[in-house]
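Remarks on the overall topology
Read off the chains here:
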Amino acid sequence: MAIPPARKAVLDLYASTLRTAKSFNSYNFRTYFVRRTEDTFREMQAEQDSIKLSQAYNEAVKELSVLRRCAVMNQLYGGERLAVEEQSDVRTQGDT
């Protein structure tokens, strides 16, 4: 019988994956990977079989390394901010 990963290891992996997903400059990629990360770890949380949990954990570790590489590439070649993102230089009616 496979030994499931420790709770702390899963939480650390979740935090690392979520942090990496939030580092994307592109709004669409960022929201997609944050949502996908949350869904993946919710499924892991609901899993009762220790073998499937170990497999899911190992797959998430592999995906994290790919996600980190993609985030770096996105930061290097990221485009302009979209209209749906918060703009820091936007003026309101009261500004002069």
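Please refer to the structure placed before this passage.
A short tour of the structure in this document, coming up. Computed from a predicted model, the values in this text were never measured in an experiment.

1. Some remarks on the overall build of the protein chain
Scanning the protein chain from terminus to terminus reveals three helices and zero strands. Across the 96 residues that make up the protein chain, the buried fraction comes to 26%.

2. Remarks on the packing of helix H1 (residues 7-21) against helix H2 (residues 27-46)
In the contact formed by H1 and H2, the axes pass within 8 Å of each other and the chain directions differ by 165°. If you check the angle between H1 and H2, you find them roughly antiparallel. Handedness of the crossing formed by H1 with H2: right-handed. Residues Val10, Leu13, Tyr14, Thr17, Leu18 and Ala21 of H1 lie in contact with H2, whose contacting residues are Arg30, Phe33, Val34, Thr37, Glu38, Phe41 and Met44. Of the residues that constitute the contact of H1 with H2, the class distribution is nine nonpolar, two polar and two charged.

3. Here's the deal with the pattern of salt bridges
According to the stated counting rule, one finds three salt bridges in the structure shown. Glu63 is the partner of Arg36 in a salt bridge, and the nearest nitrogen-oxygen pair spans 3.6 Å. One end of the pair, Arg36, is in helix H2; the other, Glu63, is in helix H3 (residues 50-76), with 27 residues separating them in the sequence.

4. Some points on the nonpolar core
Formed by Val10, Leu13, Phe41, Met44, Leu53, Tyr57, Ala60 and Leu64, the largest nonpolar core amounts to eight residues. Not counting the four nearest positions on each side in its chain, Tyr57 is found in contact with Pro5, Ala9, Val10, Leu13 and Met44. Residues Ala21, Phe24, Phe33 and Val34 belong to the second largest nonpolar core, which totals seven residues.

What counts and how
- Residues numbered from 1 in each chain as written.
- Predicted model: local features only at pLDDT ≥ 70, side-chain atom pairs only at ≥ 80, totals over all residues.
- Heavy atoms only, no water.
- Helix = DSSP H or I, 4+ residues; strand = E, 2+ residues; numbered from the N terminus.
- Buried < 20%, exposed > 50% of the residue type's maximum accessible area, 1.4 Å probe, protein only.
- Axes fitted to C-alpha atoms, helices over the stretch in contact; angles between N-to-C directions.
- Parallel < 35°, antiparallel > 145°, perpendicular 65-115°, else oblique.
- Left-handed = near helix turned anticlockwise from the far one by under 90°.
- Contact = heavy atoms within 4.5 Å.
- Nonpolar A, V, L, I, M, F, W, Y, C, P; charged D, E, K, R; others polar.
- Salt bridge = Lys/Arg side-chain N within 4 Å of Asp/Glu carboxyl O.
- Core = buried A, V, L, I, M, F, W, Y, C linked by side-chain atoms within 4.5 Å.

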